[in-house]
Amino acid sequence: MTKTRSTLPPLVQRPAPALLSIVCPCYNEQGGLTEFAARIKDCLAPQGQAYEIVFINDGSNDGTLAEMHVLAQTAGNITIVNLTRNFGKEIALTAGLCHAIGDAVVVIDADLQDPPDLIPTFLAKYCEGYDIAYGRRTQRNGDSWLKRTTAGAFYRLMKHVGPVALPENVGDFRIMSRRSVDALLRLPETHRFMKGLFVWIGYPSVAVDYIREPRFSGKTKWNYGKLVNLSIEGLTSFTTAPLRLTTYLGFTISFLSFVGGAFYLVRTLVYGDEVQGFPTLFLTILLLGGTQMIALGVIGEYLGRVFIETKRRPLFLTESVTWSDAGGARVTDRGAPTVASLNLVAE
Ligand code: UDP
Ligand code: MG
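Residues numbered from 1 in each chain as written. Chains lettered and ligands numbered in written order. Predicted model: local features only at pLDDT ≥ 70, side-chain atom pairs only at ≥ 80, totals over all residues. Heavy atoms only, no water.

Regarding the coordination of the magnesium ion (ligand 2)
For step 1, the next point in the chain: Taken together, the protein donors to the magnesium ion (ligand 2) comprise Asp111 (OD) and Gln113 (OE1), at separations of 1.9 Å.
For step 2, the next point in the chain: Take Asp111: its relative accessible area is 5%, and that puts it in the buried class.
For step 3, the next point in the chain: On the basis of relative accessible area, Gln113 is assigned to the buried category, the value being 8%. (Donors = N, O, S within 2.8 Å, 3.2 Å for Na, K, Ca; no water. Buried < 20%, exposed > 50% of the residue type's maximum accessible area, 1.4 Å probe, protein only.)

Structure follows, in structure tokens:
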């Protein structure tokens, strides 16, 4: 059973973070970064909130990295984590979290689909004492009907089979306290289904509603193939329910075949033996063959996961990490990533 707020200790108010880190994974986002940095400044500068932007260049093959360096010099307070290749958003995000040094961390997409104007509301929730405040999309203006429907179906499925209920229509856009970031970074798995991990750590969380905008520039990196893969990833990294399901399926089919066997035995004894029923035989073989393949596939999914996890490879490799101070000057070294954790980071 999930705990409700009333059963948890009361929230303790806290001051605004001395430094807020804005973590932004980027893959071919050249066109939107300047606007992004400007929008972040517009919503944080008026309240005098000190912040750093942590850009992760996830192996972009356009001018994203150059654009980041220009911004680092002009806007200042920018960390650039340049990964050696494209590792995918979930890993890029983790790389950013490893290098963020703020007391609170905001995770946000580069394409302005997550409105930066929401960050002050997140900050207010943080000050109320919540460890996590996440954006919940009320309308998905930028998404197709098919994407909305399939996403809805996925959340419902996860709710029924997963150990923690994933909040619906929630992405990665959120604020996190230092302790929740550190907790996330202590989770050693290679398969990082962030949406699930955010919930799994269990710190006090609250939803903030917003309207999801269409992309400011560039194209989405997702296609349905990737989304289906992410859903399978979500399922298999959070629950072994599919394995249990195949066991049930096996029992059900065995039971049915037993009943069927008894039926045919009685029928043959009463009416004699007539050679008939070729189509039924054919279909039964197909059905059983198919079911066995599915069962093997499910077992294979988990076995594959065990295989990958046992390698204990670092999650990502960085080509370079650079920092700029408030004036845009390059800071040569700000030390190793803050996390005293595992082998998540390899330089
Ligand atoms: N992204 C990334 N690595 C990838 C794919 C995406 O860092 O391999 C970043 C991308 O630059 C963007 C964010 O993840 O800042 C969300 O990606 P996108 O907008 O394509 O996803 P959508 O909003 O369509 O779900
Ligand atoms: Mg997007």
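A short note on a nonpolar patch on the surface
For step 1, the next point in the chain: Together, Leu265, Val266, Leu269, Val270 and Tyr271 line one region of the surface with nonpolar side chains, adding up to about 600 Å² of accessible area.
For step 2, the next point in the chain: A relative accessible area of 69% places Leu269 in the exposed class. (Patch = residues over 30% accessible without salt bridge, like charges linked within 9 Å, V, L, I, M, F, W, Y side chains within 5 Å. Areas by Shrake-Rupley, 256 points an atom, 1.4 Å probe, with all protein chains shown as cover. Salt bridge = Lys/Arg side-chain N within 4 Å of Asp/Glu carboxyl O.)

Side note on the packing of helix α8 (residues 224-238) against helix α10 (residues 278-310)
For step 1, the next point in the chain: Across the interface, α8 lies against α10 with an axial gap of 11 Å and an inter-helix angle of 75°. As judged from the angle between their axes, α8 and α10 are roughly perpendicular. Contacts from Ile232, Glu233, Leu235, Thr236 and Ser237 in α8 reach Glu301, Tyr302 and Arg305 in α10.
For step 2, the next point in the chain: Tallied by class, residues from the contact of α8 with α10 come to three nonpolar, two polar and three charged. (Axes fitted to C-alpha atoms, helices over the stretch in contact; angles between N-to-C directions. Helix = DSSP H or I, 4+ residues; strand = E, 2+ residues; numbered from the N terminus. Parallel < 35°, antiparallel > 145°, perpendicular 65-115°, else oblique. Contact = heavy atoms within 4.5 Å. Nonpolar A, V, L, I, M, F, W, Y, C, P; charged D, E, K, R; others polar.)

A word on the nonpolar core
For step 1, the next point in the chain: Formed by 42 residues in total, the largest nonpolar core has its most connected members in Val23, Leu83, Leu97, Met176, Leu184 and Phe316.
For step 2, the next point in the chain: In terms of residues, this core owes the most to one element, helix α3 (residues 89-99), which gives six residues.
For step 3, the next point in the chain: Leaving out residues up to four positions away in the same chain, Met176 has contacts with Leu97, Asp103, Ala104, Val105, Val107, Asp131, Ile132, Val181, Leu184 and Phe198.
For step 4, the next point in the chain: If you look at the next biggest cluster of nonpolar residues, it comprises 35 residues, including Cys43, Ile108, Phe122 and Leu123. (Core = buried A, V, L, I, M, F, W, Y, C linked by side-chain atoms within 4.5 Å.)

Side note on the environment of Glu67
For step 1, the next point in the chain: Secondary-structure assignment places Glu67 in helix α2 (residues 64-74).
For step 2, the next point in the chain: For the pair formed by Glu67 and Leu33, sequence separation is 34 residues and the distance between their alpha carbons is 7.2 Å.
For step 3, the next point in the chain: The residues contacting Glu67, other than those within four sequence positions of it, are Gln30, Leu33 and Thr34.

So, α8
For step 1, the next point in the chain: With 15 residues, α8 should reach 21 Å at 1.5 Å per residue; the first-to-last C-alpha distance of 21 Å fits that figure.
For step 2, the next point in the chain: What α8 keeps buried is the set Leu230, Glu233, Gly234, Leu235, Thr236 and Phe238.
For step 3, the next point in the chain: Summarising the contacts, the buried residues of α8 are in contact with α3, α5 (145-161), α7 (194-200) and α10. (Expected span 1.5 Å × (residues − 1).)

Considering the environment of Val259
For step 1, the next point in the chain: Of note, Val259 is situated in helix α9 (residues 241-271).
For step 2, the next point in the chain: Sequence separation of Val259 and Leu296 is 37 residues, and the distance between their C-alpha atoms is 25 Å.

Concerning the state of the cysteines
Two cysteines whose sulfur atoms are joined by a covalent bond form what is called a disulfide.
For step 1, the next point in the chain: Scanning the model with the defined rule gives zero disulfides in all.
For step 2, the next point in the chain: Here Cys26 is not disulfide-linked; the sulfur of Cys24 is the nearest cysteine sulfur, at 3.6 Å. (Disulfide = S-S within 2.5 Å.)

Brief notes about the pattern of salt bridges
For step 1, the next point in the chain: A full pass over the atoms with the stated rule returns nine salt bridges.
For step 2, the next point in the chain: A salt bridge links Lys89 to Asp109; its shortest N-O distance comes to 2.8 Å. With a gap of 20 residues between them, Lys89 in helix α3 and Asp109 in the loop between β4 (104-107) and α4 (119-128) connect regions that are remote in the sequence.
For step 3, the next point in the chain: According to the relative accessible area criterion, Asp109 is buried, its value standing at 14%.
For step 4, the next point in the chain: Linking Lys125 and Glu128 is a salt bridge whose minimum nitrogen-to-oxygen distance equals 3.7 Å. Taken together, the residues span about one helical turn, with Lys125 and Glu128 both in helix α4 at a distance of three residues.
For step 5, the next point in the chain: Residue Glu128 is classed as partly exposed on the basis of its relative accessible area of 35%.
For step 6, the next point in the chain: Several salt bridges share partner residues, and in doing so they unite Lys89, Asp109 and Asp172 into one network.

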